[in-house]
Amino acid sequence: WTALASVLVAVSSVLLYAYLFPSQESSRRSPFKGPQETQPSLPDATKVAISTWNGSFTSMDDSCRIWQTDDFLSNEEIDHIMTLVKLSGGWGPSQTGGDTFQVPKTLYGGRWEELIRTDAVIRRIEERITAATGVPFHPHEDMLAIALMKPKANMPRDGYVAPWGLHHDSDTRPHRVRTLIIYMNDVVEGGRTIFPLCGPKPSDDGRRQRHAKFEKAIQSMFGDAELGSNRQVEFDMYSSHPFNALLEESCRGTYGFAAQPKRGRALLFDSQLPSGEYNTLTWHAGCNVVKGRKILLQKFKEQPMAKRPKLDYEPPPNYHPYVAEEYDA
């Protein structure tokens, strides 16, 4: 017993010493703290494969001026952007939709903004967006944005709803001329981007009348400068109103034009016509994600400052034009 007690004392002393004075190796993975996460490293931009995009778009609706193309981003470019999100601090709830509509935690004025303004791969993508939209990059346009959408619980109509309503991209931003949306992943179910006023028109009288009433009601909400260019409408998703049935059909991909999210796919549409008038047909919405999740990258192309008429109101907060010295030229 004496010998056994001596052994136990010795072992206890060794364990106590190891706990109080851990070695460099053991301190890296302390059993009391659990495995430590490794910080992702930023890949060398020169080793990120460039997309094989052929430079062309397919017209999805000539009158609405909507185009679509696949492989706008390579898989490596998408992975690179997702690494930037991790390096910026990861995802966090947004003011738009809380936990079901997330953005980088440091979206404005933080690490995310710093990374996308200095990253060589992002610069390359911005140049591709310039070529795709025909609108030169300039320091007065809003910065590249990214968002992650998750399914919203307890939604009516089996989840095929537009939880954030319909809007026009010139909503409170009257200088926007074109938008490019890039889908970063395939969505299991739902999550379409819908344009209810576009696409094939209804053939039967009842649906045609419903469409005419819907279009008239939506267009009446296209606020002018006196209303702060407010161009957004919301719906009571739990109502049995015929307009909700129309939006459900749109979210199911059976009404209007609906873009299906696909990894690398880009969707381009006009907020303004070449004449300078607004394209009032491109009211759109992001539908609820029924299964899986949706991540998209979005770029709003805007008129440079010299071409903008003076606003009679202050733009809303969180407006961050992409101002960088290296782009001033």
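Residues numbered from 1 in each chain as written. Predicted model: local features only at pLDDT ≥ 70, side-chain atom pairs only at ≥ 80, totals over all residues. Heavy atoms only, no water.

**Student:** What's the story with the overall build of the chain in this structure? I'm lost.
**Tutor:** Secondary structure summary: the chain contains seven helices and 15 strands in total. A total of 329 residues make up the chain; the buried ones form 48% of that total. About 17,300 Å² of surface is accessible on the chain, with carbon and sulfur atoms providing 54% of the total. (Helix = DSSP H or I, 4+ residues; strand = E, 2+ residues; numbered from the N terminus. Buried < 20%, exposed > 50% of the residue type's maximum accessible area, 1.4 Å probe, protein only. Areas by Shrake-Rupley, 256 points an atom, 1.4 Å probe, with all protein chains shown as cover.)

**Student:** Teacher, can you tell me more about the environment of Pro-304 here?
**Tutor:** Mapped onto the elements, Pro-304 comes out in the segment after β15 (294–302). The class of Pro-304 is partly exposed, set by a relative accessible area of 28%. Between the alpha carbons of Pro-304 and Pro-139 there is a distance of 7.9 Å; along the sequence they are 165 residues apart.

**Student:** Sorry if this is basic, but what is going on with the packing of aromatic side chains here?
**Tutor:** Each aromatic ring pair is characterised by the separation of its centres together with the angle its planes make. Under the criterion given, the structure shown has nine aromatic pairs. Measuring from ring centre to ring centre gives 6.0 Å for Phe-195 and Phe-257, while their planes differ by 40°; the resulting arrangement is tilted. With Phe-195 in strand β9 (residues 193–195) and Phe-257 in strand β11 (residues 257–259), this pair connects stretches of sequence that are 62 residues apart. Per residue, the accessibility class of Phe-195 equals that of Phe-257, and both read buried. For the ring pair Phe-195 and Phe-269, a centre distance of 5.0 Å and an interplane angle of 75° mean the geometry is edge-to-face. Of this pair, Phe-195 sits in strand β9 while Phe-269 is found in strand β12 (residues 266–270), placing the two residues 74 residues apart along the sequence. For the pair Phe-195 and Phe-269, a shared accessibility class is recorded, and that class is buried. Ring pairing ties together the aromatic residues Trp-53, Phe-57 and Phe-72, which thus form one cluster. Between Arg-231 and the ring centre of Tyr-278, over which it is positioned, the NZ or CZ distance is 4.4 Å. (Phe/Tyr/Trp six-rings, centres within 6.5 Å; stacked < 30°, edge-to-face > 60°. Lys NZ or Arg CZ within 6 Å of the ring centre and 35° of its normal.)

**Student:** Please explain the confidence of the model for the chain as it appears in this structure.
**Tutor:** When the pLDDT values of the chain are averaged, the result is 84; 81% of them are 70 or greater. Counting contacts from residues 11–36, a segment whose pLDDT is below 50, to residues more than four positions away or on other chains yields five contacts. Predicted confidence is poor over residues 317–329, with pLDDT under 50, and the contacts of this stretch with residues over four places away or in other chains come to 42 contacts. (pLDDT = per-residue confidence, 0-100. Contact = heavy atoms within 4.5 Å.)

**Student:** Got a minute to help me understand the pattern of salt bridges in this structure?
**Tutor:** A side chain with one charge may pair with a side chain of the opposite charge, provided their charged atoms come close. Counting across every chain of the model gives 22 salt bridges. Through salt bridges with shared partners, one network takes in Glu-126, Glu-141, Lys-299 and Lys-301. (Salt bridge = Lys/Arg side-chain N within 4 Å of Asp/Glu carboxyl O.)

**Student:** I would appreciate a short explanation of the layout of surface pockets in the present structure.
**Tutor:** The probe, sized like a water molecule, is rolled over the atoms to show the empty space still left. One number sums up the size of the largest pocket: a volume of about 1,400 Å³. Around the largest pocket, the lining is made up of 41 residues, and of these Thr-96, Phe-101, Tyr-108, Gln-298 and Phe-300 lie nearest the centre. Counting only elements with at least two residues in the lining of the largest pocket, the list comes to β3 (91–94), β4 (98–104), β5 (145–149), β7 (176–183), β13 (285–286) and β15. Tallied by class, the residues present in the lining of the largest pocket amount to 19 nonpolar, 14 polar and eight charged. (1 Å grid on protein atoms, 1.4 Å probe; cavity = no way out; pocket = protein on both sides within 12 Å on 5 of 7 lines; lining within 4 Å. Points joined across faces, edges and corners; volume = space filled by probe spheres on them. Nonpolar A, V, L, I, M, F, W, Y, C, P; charged D, E, K, R; others polar.)

**Student:** For this particular structure, what's the right way to read the sheet that holds β9?
**Tutor:** Strand pairing in a sheet is mediated by backbone hydrogen bonds. Such pairs are either parallel or antiparallel. In spatial order, the strands read β11-β9-β13; together these three strands make up an open sheet with antiparallel pairing. The strands lining the two open edges of the sheet, one partner per strand, are β11 and β13. Of the pairings in the sheet, the one linking β9 to β11 comprises three bridges and is antiparallel in character. Paired with Phe-195 across the strands is Phe-257, a residue of β11. (Pairing = 2+ DSSP bridges.)

**Student:** Where do I start with the state of the cysteines in this structure?
**Tutor:** Taken as a whole and assessed by the stated rule, the structure comprises two disulfides. There is a disulfide in this structure between Cys-64 and Cys-198, and the S-S distance comes to 2.0 Å. Here the disulfide of Cys-64 and Cys-198 is left-handed, its torsion about the S-S bond being about -100°. Highlighted residues: Cys-64 in the loop between β1 (58–61) and β2 (66–69) and Cys-198 in the loop between β9 and α6 (205–219), separated in sequence by 134 residues. When its relative accessible area of 0% is taken as the criterion, Cys-64 is described as buried. Disulfide partner of Cys-251: Cys-287, at an S-S distance of 2.1 Å. When the S-S torsion is -85°, as for the bridge of Cys-251 with Cys-287, the disulfide is left-handed. One end of the pair, Cys-251, is in helix α7 (residues 242–251); the other, Cys-287, is in the loop between β13 and β14 (289–291), and 36 residues separate them in sequence. Going through the chain in sequence order and numbering each bonded cysteine, the pairs you get are 1-2, 3-4. (Disulfide = S-S within 2.5 Å.)

**Student:** Would you explain empty space enclosed by the protein in this entry?
**Tutor:** Under the defined criterion, the tally for this structure stands at one cavity of 30 Å³ or more. What the largest cavity holds in volume is close to 60 Å³. Along its surface, the largest cavity is lined by Arg-157, Tyr-160, Val-161, Ala-162, Phe-235, Met-237, Asn-244 and Leu-247. The class makeup of the residues in the lining of the largest cavity is six nonpolar, one polar and one charged.

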